[in-house]
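If you want the building blocks of each chain, they are given just below.
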Protein chains: 2
Amino acid sequence: MTSTTDIAEQLSKVVDPGHVLTGGAISEDYTHDESLTVPGRTPAFVVRPETAEQVAEILRIANERGVPVTARGTGTGLSGACVPRSDAIVVSFERMNRILEIDTENHVAVVQPGVTLDQLDEVTATHDLIYPVFPGEYSASLGGNVATNAGGMRAVKYGVTRHQVLGLEAVLATGETIRTGGKFVKATTGYDLTQLIIGSEGTLALVTEATLKLYPRLRHQATILAPFPTLELITAAIPRIVDSGIGPLILEYIDMMTLSAVTAYAGLDLGIPKEVQDTALAYLVVMMESRTEDRLDEDVELLAEQLAELGAVDIYVLPPSAAAQLIDAREKAFWVAKANNADDIFDVVVPRASIPEFMTKVSELAARNGSWIAGCGHAGDGNVHLSIFQPDAEIRYRVTRELFEIGMALGGAISGEHGIGEAKKRYYLELEDPVKIDLMRRIKTAFDPSGILNPGTIFDSGDQP
Amino acid sequence: MTSTTDIAEQLSKVVDPGHVLTGGAISEDYTHDESLTVPGRTPAFVVRPETAEQVAEILRIANERGVPVTARGTGTGLSGACVPRSDAIVVSFERMNRILEIDTENHVAVVQPGVTLDQLDEVTATHDLIYPVFPGEYSASLGGNVATNAGGMRAVKYGVTRHQVLGLEAVLATGETIRTGGKFVKATTGYDLTQLIIGSEGTLALVTEATLKLYPRLRHQATILAPFPTLELITAAIPRIVDSGIGPLILEYIDMMTLSAVTAYAGLDLGIPKEVQDTALAYLVVMMESRTEDRLDEDVELLAEQLAELGAVDIYVLPPSAAAQLIDAREKAFWVAKANNADDIFDVVVPRASIPEFMTKVSELAARNGSWIAGCGHAGDGNVHLSIFQPDAEIRYRVTRELFEIGMALGGAISGEHGIGEAKKRYYLELEDPVKIDLMRRIKTAFDPSGILNPGTIFDSGDQP
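Given the structure is predicted, the values throughout are model-derived calculations rather than measurements.

Caption draft 1: Up close: the packing of helix H8 (residues 231-243) of chain A against helix H14 (residues 355-368) of chain A. Residue and element names in this part refer to chain A. At a minimum axis separation of 9 Å, H8 and H14 run at an interaxial angle of 155 degrees. In this view, H8 runs roughly antiparallel relative to H14, as classed from their interaxial angle. The handedness of the crossing between H8 and H14 is right-handed. Facing Leu231, Glu232 and Thr235 of H8, the residues of H14 in contact are Ile355, Pro356, Met359 and Thr360. The residue inventory of the contact of H8 with H14, partitioned by class, reads four nonpolar, two polar and one charged.

So this is what it looks like as structure tokens:
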């Protein structure tokens, strides 16, 4: 039998011993992510490699000995996908945090997995370019974004991580390194391994480099806040706004309660008169961007007219600072939920036109079960973020399961961007088509025959210690 | 042993006997696609199902008996991926040609695989919407587009098929039917089976329904033709045009020879003076679209100024009819090559900034081997379409292999949109990383344990009759 000491010694031959941690040297930071329901667990080892070659060596060691491996970015995930098993090696990418290239001819960035979104944003800005995916947490790492197919508010215009990743370098469980895709948007040259690895939550391969698409950074932005009497009216307005061709950057709805909570949390006064507040059950936030000030002004005017026709109670063109604060506050909705002791959070996705039906059914469900559920969502893409307040675990399980069933019956899916991880695994395995689960397990085995990569995430591992 | 008669009888219990063809009843149409190098083969059976349930039954019969199955759309492919084995069942989707839904609230179309691009375009136009992928052949079927991840000229703005397909219904080799994705742009709920099936050339599953993203149809379009002294100048201009934020719909380059061939073939006179023709080695075609006439005019002006600064010899804003004819002629470049007796065609993809280096090396390669290679390409996305004139098969094989090696060494891939099929398989299996090939074979087995789906496409089947 291989001892912990023996494995640590092997790892220390690959990575500087100061970056191979065991026992008390492993700080609490490595034990958890931001999930509300997955308890942290201290792994047996934390290794901080500096190169893809080291990652490959670590995986070879782990694969030979059957030791589980969990990849870790900055730990901002919400599904417990980077919570390790207690016998696992955590491969922390904090030292692989270099932007290897900003290629302004091909409009791509090549990054290591530990690069954070704010780090990338700062550098791309100097080239008047942008990597447009912002899942709301700027300290998130690109490796984590790839693992969860991170989305966020700008998905309505730019799509999600999946649409921006052109290529990967990834290490398989066997320690073999592959390169997929490249600095191009199209290829039909065998199966798309890039797309398969994206969103696989560390269960198929460890990403050691990503090639990302960049866009021109449009400097002119405006934000409109429009209170509506009902969520139904907001949902009905969305396709008409899209039809207009103005190409909104952000289309969010915030329910009355959530708006009041997030603005209070941020100390933000939007100056909405009380009589408007009294009639508005839901708020639509539209952010637009344009390459010239004139076009932006035109678009704002067009949108304002359209929103009035579509039933908005009023229309506020927010001053830039208030707009930034509101978007920031909306992005922090999770922290508000956490501060208010929410018991769990969801990010179901449904066809965007089905949001009101989903929300009506969810409200009925909550009322029927003495639970409280509130939230906001990406109205442009049907991704609804909800918090549930129900301390009883058994009731919460039943309500949650039914909530997912409602979403799936409307043609939706359990998670738009958080992922299944460990947090939603039970529901996923119970509710998803078993034919697809079996197929995915076979794909998992095709990548990772010994099952060492992030066991217990998405699928059951059978022997979780 | 199962006889052909027995299988035909089984199939006739599933599909109306008039749609189960054998022997002389199988027309030549079912034996080939448009590949220049893959000879047609008559299958043992052609079945024309009407429903997904029938497709599932057909696959159950085939899987039980180990009979290969090749899916067929309208046969416009260029890699021989729908050329069947002589013992195969061809599942022709010509009767599954219904547009099931145009959903203007969620901006999606739901189509059967036999729907053609022109059929879909006609219907979306009545809703002021568009499905933006046009691989240059309007008679192509959506099922075929999904199988090959079809691209085309508009990829620089809208991406390729992969970016537009939100969900699929697909039948596995075992006859089990799965539904993937849905009417939404994001999900992180297990592995992305939609993306894995797209571009798999009929080797993983048979698609029986696709949910496609639609966009507002922008009615105002303009086309600029700009002759340049060199291809290098065109390539250098591309990123600067993208930087400007005008968001071009099409960015194509056409070399002098190809322009002259395609315009002659189409009987099109662009009125370019002889002195310009004499100095222009390459032409850039930029098509723009906008939601208002004013903005389009502004964009045309901006682009014209920019092109002049970037070294264009002259700038022609084409009248709409000439523009349409030129684009059409460019789309028909393949037919011109075929009419001129080209021996093979390629569609290598390289990082777009590497197009000149690629073309220089390809010209040297051709000259060194007494071959002639010419073409045009999607300058905006690095996808280069070339024809080779070299009747000697052995020399052509060597030149082709080296051409692919040059592309791959520049960070590119063998095919941007045609696919590997049977036509490029030998090169693919020789040049691609064996670790990836093995991984893809394991994925293939995860989907299709008996190997009945399109054997001989992408991978060798071992026992090709």
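Let's pick the thread back up.
Caption draft 2: Inspection of the packing of aromatic side chains at higher detail. As enumerated under the stated definition, the model contains 16 aromatic pairs over all chains in all. Ring geometry for Tyr397 of chain A against Tyr427 of chain A: centres 5.6 Å apart, planes inclined by 25 degrees, an arrangement best described as stacked. With Tyr397 of chain A in helix H15 (residues 393-409) and Tyr427 of chain A in helix H16 (residues 425-431), this pair connects stretches of sequence that are 30 residues apart. On the basis of relative accessibility, which here comes to 11%, the residue Tyr397 of chain A falls in the buried class. Here Phe404 of chain B and Tyr427 of chain B contribute two aromatic rings whose centre-to-centre distance is 5.3 Å and whose plane-to-plane angle is 70 degrees, an arrangement assigned as edge-to-face. Of this pair, Phe404 of chain B sits in helix H15 (residues 393-409) while Tyr427 of chain B sits in helix H16 (residues 425-431), and the two are 23 residues apart along the sequence. Given the relative accessible area of 1%, Phe404 of chain B is considered buried. Overall, Tyr427 of chain B belongs to the buried group, its relative accessible area being 9%. Three or more aromatic residues joined by ring pairs make a cluster, and in this case those are Phe346, Tyr397, Phe404 and Tyr427 of chain A. For Arg426 of chain A, the ring lying beneath its charged end belongs to Tyr397 of chain A, and the centroid distance is 3.5 Å.

Caption draft 3: Quick look at the sheet that holds strand E8 (residues 165-171) of chain A. All names here are of chain A. Pairing is antiparallel in the open sheet, where five strands are placed in the order E5-E6-E10-E8-E9. Because the sheet does not close on itself, it has two edges, and the strands there are strand E5 (99-103) and strand E9 (177-181). Within this sheet the neighbouring strands show an average axis-to-axis angle of 10 degrees, counted without direction. For E8 and E9, the ladder comprises five bridges, and the chain directions are antiparallel. Bridged to Glu169 within E9 is Arg179. Along the sheet face, helix H2 (residues 52-65) touches E8, E9 and strand E10 (206-213) and points at about 50 degrees away from the line of E8.

Caption draft 4: Molecular detail of the interface of chain B and chain A. On the side of chain A, 80 residues touch chain B, which itself brings 80 residues to the contact. Our count for the contact surface shared by chain B and chain A stands at 14 salt bridges. Residues Glu298 of chain A and Arg295 of chain B are paired through a salt bridge, measuring 2.9 Å at the closest nitrogen-oxygen approach. Where chain B touches chain A, the interface holds 43 residue pairs in polar contact (both at pLDDT 80 or more). At the level of elements, helix H6 (161-164), strand E9 (177-181), helix H7 (193-197), helix H8 (231-243), helix H11 (293-309) and helix H17 (434-447) of chain B are the ones that each hand at least two residues to the side of chain B that touches chain A. Here the residues of the side of chain B that touches chain A sort into 33 nonpolar, 26 polar and 21 charged.

Caption draft 5: Here's a closer look at the nonpolar core. Ranked by internal contacts, the top residues of the largest apolar core, which has 170 residues, are Phe358 of chain A together with Phe358 of chain B. Counting 28 residues, the second-largest nonpolar core is a separate cluster that includes Ile130, Leu225, Met287 and Tyr316 of chain B.

Caption draft 6: Up close: the relation of the copies chain B and chain A. Mapping chain B onto chain A leaves a residual RMSD of 0.0 Å; the transformation is a rotation of 180 degrees accompanied by 0.0 Å of translation along its axis. The relationship between the two copies is best expressed as a two-fold rotation axis. Of the residues that chain B buries at the interface, 100% are likewise interface residues in chain A, meaning the two copies contact each other through the same surface.

Caption draft 7: A look at the pattern of salt bridges. Scanning all chains against the criterion turns up 68 salt bridges over all chains. The partner of Glu430 of chain A in a salt bridge is Arg426 of chain A, and the shortest N-O contact between them spans 3.2 Å. Note that Glu430 of chain A and Arg426 of chain A are positioned in helix H16 at a spacing of four residues, about one turn of the helix. The exposure class assigned to Glu430 of chain A is partly exposed, which follows from its relative accessible area of 33%. Judged by relative accessible area, which is 45%, Arg426 of chain A ranks as partly exposed. Across the pair Lys157 of chain B and Glu289 of chain B runs a salt bridge whose closest N-O atoms are separated by 2.8 Å.

Caption draft 8: Local environment of the environment of Phe228 of chain B. With respect to the secondary-structure elements, Phe228 of chain B resides in strand E12 (residues 220-228). It is 33 Å that separates the C-alpha atoms of Phe228 of chain B and Asn145 of chain B, two residues lying 83 residues apart in sequence.

Caption draft 9: View of the pairing of strand E13 (residues 250-255) of chain B. Residues and elements named next belong to chain B. In terms of burial, E13 is largely enclosed, as six of its six residues are buried. Neither face of E13 is left uncovered, since the one carrying Ile250, Glu252 and Ile254 and the one carrying Leu251, Tyr253 and Asp255 both have all their residues buried. Inspection of the sheet shows E13 paired to strand E17 (residues 372-378) by two bridges, in the antiparallel sense. Along E17, the bridge assignment pairs Ile254 with Cys376.

Caption draft 10: Here's a closer look at the sheet that holds strand E1 (residues 20-22) of chain A. All names here are of chain A. If you trace the four strands from one edge of the open sheet to the other, you get E1-E2-E4-E3, paired in mixed fashion. Edge positions in the sheet fall to E1 and strand E3 (69-72), since each has one partner strand and no second. Going from strand to strand, the sheet's axes swing by 20 degrees on average, the running direction of each strand aside. Running over the sheet, helix H1 (residues 4-14) touches E1, strand E2 (45-47) and strand E4 (89-92) and is turned about 0 degrees from E2.

Caption draft 11: Just the environment of Glu28 of chain B, in detail. Residue and element names in this part refer to chain B. Inspection of the secondary structure assignment puts Glu28 in the loop between strand E1 (20-22) and strand E2 (45-47). The class for Glu28 is exposed, based on a relative accessible area of 54%. Note: C-alpha distance between Glu28 and Glu357 (329 residues apart in sequence) is 42 Å.

Caption draft 12: Inspection of H15 of chain A at higher detail. Residues and elements named next belong to chain A. Its 17 residues place the ends of H15 24 Å apart at the C-alpha level, agreeing with the 24 Å of an ideal helix rising 1.5 Å per residue. Arg396, Tyr397, Val399, Thr400, Leu403, Phe404, Ile406 and Gly407 are the residues of H15 that are buried. In the core, the buried residues of H15 are packed alongside strand E16 (344-346), H14, strand E17 (372-378), strand E18 (383-389) and H16. If you check the start of H15, you find a side-chain oxygen 3.0 Å away from the backbone N of Glu394, and it comes from Asp392.

Caption draft 13: Just helix H3 (residues 117-125) of chain A, in detail. Residues and elements named next belong to chain A. Burial in H3 covers these residues: Leu117, Leu120, Asp121 and Thr124. An end-on view of H3 places all buried positions within 100 degrees of arc, on one side of the element. Looking at the packing, one finds that the buried side of H3 touches E5, strand E6 (108-111), strand E7 (129-130), helix H4 (142-148) and E10.

Caption draft 14: Up close: the side chain of Glu252 of chain B. Within the fold, Glu252 of chain B resides in strand E13. Within the structure, Glu252 of chain B has its side chain in polar contact with the side chain of His378 of chain B (distance 2.4 Å).

The rules behind the values
Residues numbered from 1 in each chain as written. Chains lettered and ligands numbered in written order. Predicted model: local features only at pLDDT ≥ 70, side-chain atom pairs only at ≥ 80, totals over all residues. Heavy atoms only, no water. Axes fitted to C-alpha atoms, helices over the stretch in contact; angles between N-to-C directions. Helix = DSSP H or I, 4+ residues; strand = E, 2+ residues; numbered from the N terminus. Parallel < 35°, antiparallel > 145°, perpendicular 65-115°, else oblique. Left-handed = near helix turned anticlockwise from the far one by under 90°. Contact = heavy atoms within 4.5 Å. Nonpolar A, V, L, I, M, F, W, Y, C, P; charged D, E, K, R; others polar. Phe/Tyr/Trp six-rings, centres within 6.5 Å; stacked < 30°, edge-to-face > 60°. Buried < 20%, exposed > 50% of the residue type's maximum accessible area, 1.4 Å probe, protein only. Lys NZ or Arg CZ within 6 Å of the ring centre and 35° of its normal. Pairing = 2+ DSSP bridges. Salt bridge = Lys/Arg side-chain N within 4 Å of Asp/Glu carboxyl O. Polar contact = N/O pair within 3.5 Å; in protein donor to acceptor, adjacent residues only side chain to side chain. Core = buried A, V, L, I, M, F, W, Y, C linked by side-chain atoms within 4.5 Å. Least-squares fit on C-alpha atoms with pLDDT ≥ 70 in both. Expected span 1.5 Å × (residues − 1). Arc of directions from axis to C-beta.

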